[in-house]
Amino acid sequence: MHILIHALLIFTQSVTFGSPITRDVPIAATLLPDGSCGILVQSHVPECPLTFQIVILAPGDDPVIIPLEMYIDDPVWPRGSGWTSDGMLSLIVSSYSTWHEFSDIVTLTSEGIFIDSIRIPGSGQSLSVTSGKSYNINSLFPLYDGSGYLMSVDLVDNESWEVLSKTLFRLGEQGDTLWSSNISCPGYWMNPDVIRSMPDGGCSVGSDEDGFNDFLYLSRLSSSGELLWSAEIGTGGEMTHMVEDILPADDGGTLVIASSDRFRMQDNCLICLIDSEGEIVNELFEAGLGYAVCTCGIPIERGFLLAGWTGPVIDDWTNPVEEDILLLRLDEYGTPIAMDVIPLDDNREPLFLLETRAGYLIIGTCWEDIYTYSDVFTMLIARDEIPSGSRR
């Protein structure tokens, strides 16, 4: 098993770690109860099984890297992972040979100690189907309070790969089904669903189930599984469009962050504010920067802070884009009011944004040649260094 190596600088500035022979990608991140940062890293070498590591970063210390044993042969790409408030880590993994039949939710401590494994489908729900159809687990979202999981499941036609229906399950701690709800989402499987819990105990689900139409699908559910509203967002994209993140907004609203190739293979950010009744009240395409995609965000006082990447438009779209970090500040209506671009020597794509006592911690991937390998980076932005702008 390969181990992540080399760390540069200190936690309060920037840390980079990874192996020079693997593509290392952070797939879950949180602030642990002791104030350190916990990151789940997925590593991949072509033609080799995936491996996983927990990385613990504390201010002033080198990264502590803990290789994980998944207790499953040949794991495929996980379809969901997350930390809970007590520092436990859960992720759903499958084997190449059995991924159509079941997956396992594996729970570990922040020290990498194996706690439990729950097989899904298992107790509590029946996913039996007629011939020619199959259920695929699309995404899993471990709830931060440790009370269980949200899981989306697609019923798929085995010949056409058309998604016939989508169901969201609320699972308890042992994988038992507490409720399920159907979500309207026609099309063909493309990107994993984005599932986020909301302050009222409910959740929001964002889906892109068809690369051949330009719609993203949003659903808002109550804590008991009642479908409160659903919405379709037209992206104008030719092929690539996906929900990146979903944030709670004021008065029960929802802010959706997405990306689209609306401008002829030029990736751009789509920001959409939806009110508590499911009505779109503000929608914006950002097209003035060349490439500009926001990938994660958090609510802040009187608005939102988003992180992502930007780069110049190039003549040959088959060449990789040079990516710099983008910070975008929105007001409470989802309208951009300030922006900063952070140019660096390598390409960087933020994937997580965490608020700490010292500022805002960006976690993502960096590379010189993404097709060969990538590392993981963290960068702390002081509170007084985030973009600021006068309120409108």
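That block above? That's the structure.
So, here's what we can say about the structure. (Residues numbered from 1 in each chain as written. Predicted model: local features only at pLDDT ≥ 70, side-chain atom pairs only at ≥ 80, totals over all residues. Heavy atoms only, no water.)

## Let's talk about the overall build of the protein
Secondary structure summary: the protein contains 0 helices and 29 strands in total. Counting only residues that meet the buried cut, the protein has 55% of its 392 residues in that class. Across the protein, every contact between residues at least 6 apart in sequence was considered, and the portion connecting residues at least 24 apart equals 46%. For the protein, the exposed surface amounts to about 17300 Å²; the carbon and sulfur share of it is 50%. (Helix = DSSP H or I, 4+ residues; strand = E, 2+ residues; numbered from the N terminus. Buried < 20%, exposed > 50% of the residue type's maximum accessible area, 1.4 Å probe, protein only. Contact = heavy atoms within 4.5 Å. Areas by Shrake-Rupley, 256 points an atom, 1.4 Å probe, with all protein chains shown as cover.)

## Let's talk about unusual backbone geometry
A positive phi angle, near 55°, is found at aspartate 251, a position not held by glycine. Of note in the backbone geometry, arginine 302 takes a positive phi value of approximately 60° without being a glycine. Relative to the helices and strands, arginine 302 resides in the loop between strand S23 (291–300) and strand S24 (303–311). Residue classification places arginine 302 among the exposed positions, given a relative accessible area of 53%.

## What to know about the sheet that holds strand S8 (residues 103–108)
The sheet built from 4 strands is open, its strands ordered S6-S7-S8-S9 with antiparallel pairing. Since the sheet does not close on itself, it has two edges, and those belong to strand S6 (81–83) and strand S9 (114–120), each with one partner. Averaged over all pairs of adjacent strands, the angle between strand axes in this sheet comes to 15°, irrespective of strand direction. Where strand S7 (residues 89–93) meets S8, 5 bridges bridge the pair, whose relative direction is antiparallel. Along S8, the bridge assignment pairs serine 90 with threonine 107. (Pairing = 2+ DSSP bridges. Axes fitted to C-alpha atoms, helices over the stretch in contact; angles between N-to-C directions.)

## Re the sheet that holds strand S4 (residues 51–57)
Read from one edge to the other, the open sheet built from 4 strands follows the order S2-S3-S4-S5, with strand pairing classed as antiparallel. Looking at the sheet topology across the chains shown, the edges are occupied by strand S2 (23–31) and strand S5 (64–67). Adjacent strand axes in the sheet meet at a mean angle of 25° when their direction is disregarded. Two elements, S4 and S5, share 4 bridges in a ladder whose sense is antiparallel. Paired with isoleucine 54 across the strands is isoleucine 66, a residue of S5.

## A closer look at the side chain of aspartate 154
On the secondary structure map, aspartate 154 appears in strand S11 (residues 149–157). Side chain to side chain, aspartate 154 and asparagine 138 meet in a polar contact 3.0 Å long. (Polar contact = N/O pair within 3.5 Å; in protein donor to acceptor, adjacent residues only side chain to side chain.)

## With respect to the pattern of salt bridges
Applying the stated criterion to the full structure yields 7 salt bridges. In this structure, aspartate 193 and lysine 166 form a salt bridge, with 2.8 Å as the shortest nitrogen-oxygen distance. Here the residue aspartate 193 occupies a position in the loop between strand S14 (187–188) and strand S15 (194–197), and lysine 166 occupies one in strand S12 (residues 162–171), the gap between them amounting to 27 residues. The pair formed by aspartate 193 and lysine 166 is uniform in burial state, with each residue classed as buried. Residue aspartate 245 pairs with arginine 196 through a salt bridge whose shortest N-O separation is 2.9 Å. With aspartate 245 in strand S19 (residues 241–248) and arginine 196 in strand S15, this pair connects stretches of sequence that are 49 residues apart. Three or more residues joined by partner-sharing salt bridges are found here, namely Asp154, Lys166 and Asp193. (Salt bridge = Lys/Arg side-chain N within 4 Å of Asp/Glu carboxyl O.)

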